[in-house]
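So the chains spell out like this:
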Amino acid sequence: MSFVEIETASQPDCWRRAADLAPRHAAALPAAGERIAVVGCGTSFYMAQAYAALREESGQGESDAFAASEFPARRRYDRVVALTRSGTTTEVLELLDRLRGTTPTVAITADPGTPVMTSADAVVVLDFADEQSVVQTRFATTLLTLLRAHLGLHTDAVVRDAETALAEPLPEGLLDCSQFTFLGRGWTAGLANEAALKMKEASLSWTEAYASMEYRHGPISIATTGTATWTFGAAPEGLREQVLATGARWVESGLDPLAELVRVQRLAIARAAARGLDPDSPRHLTRSVVLAEA
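Everything numeric here is computed off the predicted structure, so don't read it as measured data.

Turning our eyes to something else, we now look at the packing of aromatic side chains. How two aromatic rings sit relative to each other is given by the distance of their centres and the angle of their planes. The final tally for this structure, using the stated rule, is 7 aromatic pairs. Ring geometry for Phe71 against Tyr77: centres 5.9 Å apart, planes inclined by 50°, an arrangement best described as tilted. Here Phe71 matches Tyr77 in class, with each residue buried. Centre to centre, the rings of Phe182 and Phe232 are 6.4 Å apart; their planes meet at 50°, and the pair counts as tilted. Of this pair, Phe182 sits in strand β6 (residues 179-184) while Phe232 is found in the loop between β8 (227-231) and α9 (239-244), placing the two residues 50 residues apart along the sequence. Phe232 sits in the buried class, given a relative accessible area of 1%. Positioned over the ring face of Phe128 is Arg17, at 4.2 Å from the centre of the ring. Its guanidinium or amino end placed over the ring of Tyr77, Arg35 lies 4.5 Å from that ring's centre, counting from NZ or CZ.

Here it is as structure tokens:
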């Protein structure tokens, strides 16, 4: 088995551990009412989008999400949360250094032996969710579980749904689709973005992601026989029927959206295997993007 297969399968156990840890880190994580920004790169940026939307939707404070390189320097926040599996990503470290002494910061990482440990004011280490594969699976979902638990939004049912997502067969025909579109609303828009990235990284698939209501405004023109449209959470009324009328496959389930992401991870691994690709080592990618100094 590849590393990413093993790591994907371990997610229910990781989520349980993260939920149990959340109360211990309450002081470091954003308090209700704080105005915060969440930053990351790649997968971590999409988890930032999901967390920020969840937090604001639940009435716990204004929450923005940015790619670390695009953080608006003139804005002021009560706290900045940085997400970085490796703890070495250049853009994240540079931002934390700029914020030192002006804005409280907390980083969530998988590796306690990296520069982020001293770049942030506080650090939450999820080393049990670290990964050997370049492709992120369990660290991303585990950190989001920690943050959902901190918001009071995690339940044991989410873990059971993840177990279901790992045990049930994937929908028939998906391995042969030529294109995938992932849709989400609110916090699941970030999950849709991550699903599209995961399929690209691991299996070199042609993927896109959109806010569900925006899909009708042009992107649906790509839907046809042999493509798939996959929604996270409830779809807008009538969209399923509209997509099916194009001849495309429609994919949804009643699972928690984070567990639904596990199904996409499994599909990405399966498509990589079918195409003779190594999902642990995607082309042109490394575990962390560390930029050389000019």
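Still to come is the rest of the account.
Our next topic: the environment of Gly61. Tracing the sequence through the fold places Gly61 in the loop between α3 (43-57) and β2 (63-67). The spatial distance from the C-alpha of Gly61 to the C-alpha of Gly33 is 4.5 Å, given a sequence separation of 28 residues. Ignoring sequence-local partners within four residues, the contact set of Gly61 consists of Gly33, Glu34, Arg55 and Glu56.

A few words on the pattern of salt bridges. Enumeration according to the criterion identifies 13 salt bridges in this entry. Note that Arg79 and Glu34 form a salt bridge whose closest N and O atoms lie 2.9 Å from each other. Note that Arg79 is positioned in strand β3 (residues 79-84) and Glu34 in the loop between α2 (11-21) and β1 (36-40), a separation of 45 residues in sequence. The same class applies to Arg79 and to Glu34, which are both buried. We note a salt bridge from Arg75 to Asp64, for which the minimum N-O separation is 3.4 Å. Separated by 11 residues along the polypeptide, Arg75 in the loop between β2 and β3 and Asp64 in strand β2 bring together distant segments of the chain. With relative accessibility at 39%, the residue Arg75 sits in the partly exposed group.

For the rest of this paragraph, the subject is unusual backbone geometry. At Leu204, a residue that is not glycine, the phi angle is positive and equals roughly 55°. Structurally, Leu204 is set in the loop between α8 (188-203) and β7 (207-211). Overall, Leu204 belongs to the partly exposed group, its relative accessible area being 32%.

Analysis parameters
- Within every chain, residues take consecutive numbers counted from 1 along the sequence as written.
- Local features are withheld for residues below a pLDDT of 70 in this predicted model, meaning they are given only at 70 or higher, and side-chain atom pairs are given and counted only at 80 or more; totals for whole chains, interfaces and linings count all residues.
- Hydrogens and water are ignored here; the side-chain numbers use all heavy atoms of the structure.
- Only Phe, Tyr and Trp rings are paired, with Trp represented by its six-membered ring, and only when their centres lie within 6.5 Å; those with planes under 30 degrees apart are stacked, over 60 edge-to-face, the remainder tilted.
- Using a 1.4 Å probe on the protein chains alone, a residue whose accessible area is under 20% of its type maximum counts as buried, one over 50% counts as exposed, and one in between counts as partly exposed.
- Here a strand is any run of E in DSSP of at least two residues, a helix any run of H or I of at least four, and the numbering for each starts at the N terminus.
- In this analysis the charged atom, NZ for Lys or CZ for Arg, is taken to sit over a ring once it is within 6 Å of the ring centre and within 35 degrees of the ring normal.
- Should any heavy atoms of two residues lie within 4.5 Å, those residues are counted as being in contact.
- Criterion for a salt bridge: a side-chain nitrogen of Lys or Arg within 4 Å of a carboxyl oxygen of Asp or Glu.

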